Amino acid sequence: MINPNYYPWGYDSDNGPDQWHKNYPIAKGRHQSPIEINNKEVHYDRSLLPWFASYDPGAAKTILNNGKTCRIVFDDSFDRSVLRGGPLPGVYRLRQLHFHWGSSDDHGSEHVVNGVRYAGELHLLHWNPKYSNYLDAVRRTDGIAVLAIFLQVGKTPKPEMKRILEEINAIKTKGKEAPFPNFDPSILFPKSHDYWTYHGSFTTPPCEECITWIILREPIIVSSDQMAKLRSLSKNAENEPDLPLVDNWRPTQPRYFRMVSASFL
Ligand SMILES: NS(=O)(=O)c1ccc(NCc2ccco2)c([N+](=O)[O-])c1
Ligand SMILES: [Zn+2]
């Protein structure tokens with residue numbers, strides 16, 4: 001029996017971020033994400049180490065549209081593609097990457113830097129293998145690490161984004177999935193590894209407060225056409241009326257008593 005009261009969360013007025021707390025009370029917690037990052041409140045921490053990603057391109061499996069975002073999933077059955085260093089106590093396994101974007105180029109990112117909203121935000125999600133599996137890690141404060149990279153619209157887009165966006169045509173509607181082999185997401189990284197870090201949550205339900213956020217200061221450049229390509233995704237299934245998948249970002253949440261540390265002066 002399907003729960004008649006169950007109404008899937010989303011980003012519309014009746015199921016969006018202001019409603020999530022009804023089914024996920026932690027959405028009103030003290031360690032929620034995203035947040036505003038303001039230079040005057042950031043603390044330079046010279047003890048912060050550089051972070052390193054060692055990804056195996058062979059771990060890339062599929063790209064899918066889950067009706068909420070465009071996601072690429074990786075084989076995380078062993079320490080095959082890992083993130084380490086930075087604020088992390090050990091290696092964390094790459095599980096998936098996905099995007100958040102707006103309905104136009106002037107907004108779409110989740111984190112906001114000194115009042116600046118970027119056109120989008122790329123999240124690479126990793127989990128701590130000291131826990132038996134991903135869902136166990138989700139319940140731990142040191143369970144998950146997300147590397148976040150801002151997407152900025154500019155004239156000279158990063159050629160490495162092309163392959164992902166070419167695949168969009170194959171996953172136009174919710175539930176569509178396509179093979180996505182031989183892909184090392186570190187080719188998407190900007191030159192600088194400077195980052196901010198703070199402790200927060202998933203930016204979507206279940207909003208668990210299990211994430212060490214590592215947010216890169218330098219955005220990657222995408223073209224306006226590439227952003228339009230992301231916006232050509234639909235959040236409905238194939239045989240349903242067309243609803244554009246846009247504005248899948250959560251507004252910034254109160255920082256409360258959290259410190260945002262910077263790896264750079
Ligand atoms: N925007 S985010 O990086 O914070 C984020 C949010 C939710 C989920 N997944 C939803 C979820 C959480 C626990 C079980 O299923 C993911 N993810 O899985 O990469 C990432
Ligand atoms: Zn995300």
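Quick caveat, the model's predicted, so the values are computed rather than measured.

Cut-offs used in this document
- Residues numbered from 1 in each chain as written.
- Chains lettered and ligands numbered in written order.
- Predicted model: local features only at pLDDT ≥ 70, side-chain atom pairs only at ≥ 80, totals over all residues.
- Heavy atoms only, no water.
- Disulfide = S-S within 2.5 Å.
- Donors = N, O, S within 2.8 Å, 3.2 Å for Na, K, Ca; no water.
- Tetrahedral: all angles 85-135°; square planar, octahedral: opposite > 155°, others 65-115°.
- Buried < 20%, exposed > 50% of the residue type's maximum accessible area, 1.4 Å probe, protein only.
- UniProt positions renumbered as here; feature names shortened; annotations may be inferred.
- Helix = DSSP H or I, 4+ residues; strand = E, 2+ residues; numbered from the N terminus.
- Near = heavy atom within 4 Å.
- Polar contact = N/O pair within 3.5 Å; in protein donor to acceptor, adjacent residues only side chain to side chain.
- Areas by Shrake-Rupley, 256 points an atom, 1.4 Å probe, with all protein chains shown as cover.
- 1 Å grid on protein atoms, 1.4 Å probe; cavity = no way out; pocket = protein on both sides within 12 Å on 5 of 7 lines; lining within 4 Å.
- Sits in = over half its atoms within 2 Å of the grid points.
- pLDDT = per-residue confidence, 0-100.
- Arc of directions from axis to C-beta.
- Contact = heavy atoms within 4.5 Å.
- Salt bridge = Lys/Arg side-chain N within 4 Å of Asp/Glu carboxyl O.
- Points joined across faces, edges and corners; volume = space filled by probe spheres on them.
- Nonpolar A, V, L, I, M, F, W, Y, C, P; charged D, E, K, R; others polar.

## Section: the state of the cysteines
Enumeration according to the criterion identifies 0 disulfides in this entry. Counting only cysteine sulfurs, C210 is the nearest neighbor of C207, a cysteine outside any disulfide, at a range of 10 Å.

## Observations regarding the coordination of the zinc ion (ligand 2)
Within the protein, the zinc ion (ligand 2) binds to H98 (NE2), H100 (NE2) and H123 (ND1); these donor distances fall in the range 2.0 to 2.1 Å. One way to put it: the 4 donor atoms around the zinc ion (ligand 2) meet at angles of 101 to 115°, and that makes the site tetrahedral. When its relative accessible area of 12% is taken as the criterion, H98 is described as buried.

## Side note on the UniProt feature "domain: Alpha-carbonic anhydrase" (unreviewed entry) in the chain
Here the UniProt-annotated "domain: Alpha-carbonic anhydrase" (unreviewed entry) positions come out as residues 7-264. Across residues 7-264 one finds 7% helix and 29% strand; the C-alpha atoms that close the span lie 43 Å apart.

## A short note on the site of ligand 1
The local shell around ligand 1 holds 16 residues, among which Q96, Y134, F202, T203 and T204 are the closest. A distance of 3.2 Å separates a nitrogen atom of ligand 1 from a polar side-chain atom of H100. Interatomic distance of 3.4 Å between a side-chain N/O atom of H123 and a nitrogen atom of ligand 1. For ligand 1, the accessible surface in isolation is 460 Å², of which the surrounding protein chains cover 85%. Using a 2 Å cut-off from the grid points, one finds that ligand 1 occupies the largest pocket.

## Some points on the confidence of the model for the chain
Summing up the model confidence of the chain, the mean pLDDT is 97 and the portion of residues at 70 or higher is 98%. Interface confidence for the predicted complex, given as ipTM, is 0.94, next to a pTM of 0.97.

## What to know about helix α3 (residues 224-231)
Within the sequence span of α3, burial applies to Q226, M227, L230 and R231. Buried residues of α3, viewed axially, fall in a sector of 150°; they line one side. Tucked inside the fold, the buried residues of α3 contact β7 (92-101), β9 (120-127), β10 (144-153), α2 (162-167) and β14 (220-222).

## Quick word on the pattern of salt bridges
Applying the stated criterion across every chain, the model contains 14 salt bridges. For K191, the salt bridge goes to E218, with nearest N and O atoms at 3.6 Å. Placement of K191 in the loop between β11 (177-179) and β12 (195-200) and of E218 in the loop between β13 (211-216) and β14 is noted, with a sequence separation of 27 residues between them. It is possible to trace a salt-bridge network through shared partners that takes in D56, D75 and R80.

## As for the environment of W127
Secondary-structure assignment places W127 in strand β9. According to the relative accessible area criterion, W127 is buried, its value standing at 5%. With 51 residues separating them in the primary sequence, W127 and D76 have C-alpha atoms 9.0 Å apart. Here the side chain of W127 touches D76 through a polar contact of 2.7 Å, side chain to side chain.

## Overview of the layout of surface pockets
There is about 510 Å³ of room inside the largest pocket. Along its surface, the largest pocket is lined by 27 residues, and R71, Q96, Y134, F202 and T204 are the ones closest to its centre. For the lining of the largest pocket, the elements supplying multiple residues, two or more each, are β5 (70-74), β7, β9, α1 (134-137) and β13. The calculated volume of the second largest pocket comes to roughly 380 Å³. Together, 21 residues line the second largest pocket, and W9, D12, N15, G67 and K235 are the ones closest to its centre. Its residues assigned to classes, the lining of the second largest pocket shows 8 nonpolar, 6 polar and 7 charged.

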